[in-house]
Amino acid sequence: MSRFYVTTPIYYVNDVPHLGTAYTTIAVDALRRYHLLRGDETRMLTGTDEHGQKLEREARDRGISPAQFVKEMSDRFEAAWPKLEVVADDFVRTTQARHESRVQELWRKIEANGDLELGTYEGWYCVGCEEFKTEKDLLPGNLCPLHLKPVERQSGETYFFKLSRYGERLLEHYRDHPGFVEPESRRNEVVSFVEGGLKDLSVSRTNFSWGIPVPGNPKHVMYVWFDALANYWSVLQGDAELEKFWTQGAIFHLVGKDILRFHAVYWPAFLMSAGLRLPTKVFAHGFLTISGQKMSKSLRNAVDPIGIASAFGKVAGSEAAGADVLRYQLLRAIAFGQDGDFDLIAMVERYNADLGKNLGNLLARTLGLCTKMTGGKVPPKGEWTPLEKDL
């Protein structure tokens, strides 16, 4: 028996569960089910990312504490996935004590290796991305190309992670493990980025407080991505059997292409510094459009995956059947790893053709033949015949 550990990204709770997050989560659950059928010992992790300046500001705007805000939002994610027939083994919240203590442990490991240095920074910062941008990254008017909002000029004291030390080691790992980043087009992007030269990475902040305190210097809180990426490792620590999912077997991160750099460059560099094993694979899937339109916050609210599954469930006869229809459409209609479009009309057509006529007809004929050949009785268990073994 092999071990297979598969993860979704943990979802940032300034948004609601939507079709994009459902797509990723359903794909990960499908991988979990496949490996379970193959006889592997499987474990699936999902959860929510709950720290950062963006969330602190949003909570303030709503007149509630950050802790109350993130709990209310996280609860929506945790409740959503079972309604889509997703069976995760664990749900992590980055505000949980089990996570915070292990992230601080990871920080100490990296610090002990000499890869953290106190300094000062100044640059253009996108609060939405929680990331500094270079001028070449920005659109005219200093706009973030993803959020189309002006970036902010920020400066202050910070700890730098010496990412520049790890360029050659990362490139060597990509060469020695060509399947580490997939699909190939994304791997090429990552290799090109690293070959362009890596700068040291700012991994702490002092201009807000909603984050995990830096060990030994609590006026700093950890950069939200340092905190968030560590969840994949942190939740397995402290239990000998769970730790084997990191030290043995396959570790598979499935992410959207917009956060590939964090998972395929920063995260493996952190792990190298801490002396920990790297993931087996980081797979970046494409973006979804909705009936040809780019997803936006308003569309995300309008195209509710739970609502779609529920509507089809009324037609199909059960909520579980409705979830299966949505799962099938998302996995069948989109070439995995590429951008794709979700179209409700196409979903109805595929429901009638693939699931109703083709699969439904096959099932009806098979059951009819089994009933006819066995008189409606299940044959007694016995030794396999050569025909069954060949099959």
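Residues numbered from 1 in each chain as written. Predicted model: local features only at pLDDT ≥ 70, side-chain atom pairs only at ≥ 80, totals over all residues. Heavy atoms only, no water.

(A) Representation of the packing of helix 5 (residues 167–176) against helix 10 (residues 260–274). Look at helix 5 against helix 10: their axes get within 10 Å of each other, and the N-to-C directions meet at 105°. Considering their axes alone, helix 5 and helix 10 lie roughly perpendicular with respect to each other. Each of Arg169, Leu170, His173 and Tyr174 in helix 5 lies in contact with helix 10, whose residues at this interface are Ala264, Val265, Pro268, Ala269 and Met272. The class makeup of the residues in the contact of helix 5 with helix 10 is 7 nonpolar, 1 polar and 1 charged. (Axes fitted to C-alpha atoms, helices over the stretch in contact; angles between N-to-C directions. Helix = DSSP H or I, 4+ residues; strand = E, 2+ residues; numbered from the N terminus. Parallel < 35°, antiparallel > 145°, perpendicular 65-115°, else oblique. Contact = heavy atoms within 4.5 Å. Nonpolar A, V, L, I, M, F, W, Y, C, P; charged D, E, K, R; others polar.)

(B) Expanded view of the packing of aromatic side chains. A complete count under the given rule lists 19 aromatic pairs for this structure. For the pair phenylalanine 161 and phenylalanine 270, a centre-to-centre distance of 4.9 Å together with 85° between the ring planes defines the contact as edge-to-face. Of this pair, phenylalanine 161 sits in strand 7 (residues 152–161) while phenylalanine 270 is found in helix 10, placing the two residues 109 residues apart along the sequence. On the accessibility criterion, phenylalanine 161 (0% relative accessible area) is buried. What links up through ring pairs into an aromatic cluster is the set Trp107, Tyr159, Phe161, Tyr166, Phe226 and Phe270. Here the basic side chain of arginine 205 rests over the ring of tyrosine 121, its NZ or CZ set 5.9 Å away from the ring centre. Above the plane of the ring of phenylalanine 287 lies lysine 257, whose end atom (NZ or CZ) is 4.7 Å from the centre. (Phe/Tyr/Trp six-rings, centres within 6.5 Å; stacked < 30°, edge-to-face > 60°. Buried < 20%, exposed > 50% of the residue type's maximum accessible area, 1.4 Å probe, protein only. Lys NZ or Arg CZ within 6 Å of the ring centre and 35° of its normal.)

(C) Main features of the sheet that holds strand 6 (residues 131–133). Taking strand neighbours across the sheet as the criterion, the 4 strands line up as 6-5-7-9 in an open arrangement whose pairing is antiparallel. The open sheet terminates on both sides in strands that have one partner only, identified here as strand 6 and strand 9 (201–202). Where strand 5 (residues 116–126) meets strand 7, 10 bridges bridge the pair, whose relative direction is antiparallel. Note that in strand 7 the partner of glycine 123 across the bridge is glutamine 154. (Pairing = 2+ DSSP bridges.)

(D) Region of interest: the sheet that holds strand 10 (residues 204–205). Spatially, 3 strands are ordered 10-12-11 in an open sheet, and the strand pairing comes out antiparallel. Looking along the sheet, the strands with just one partner apiece sit at the ends: strand 10 and strand 11 (213–214). Bridge count for strand 11 against strand 12 (residues 217–222) is 2 bridges, and the pairing is antiparallel. What sits directly across from proline 213, in strand 12, is valine 221. Contacts between helix 4 (residues 97–112) and the sheet are confined to strand 10, strand 11 and strand 12, with strand 12 contributing the most and set at about 100° to the helix.

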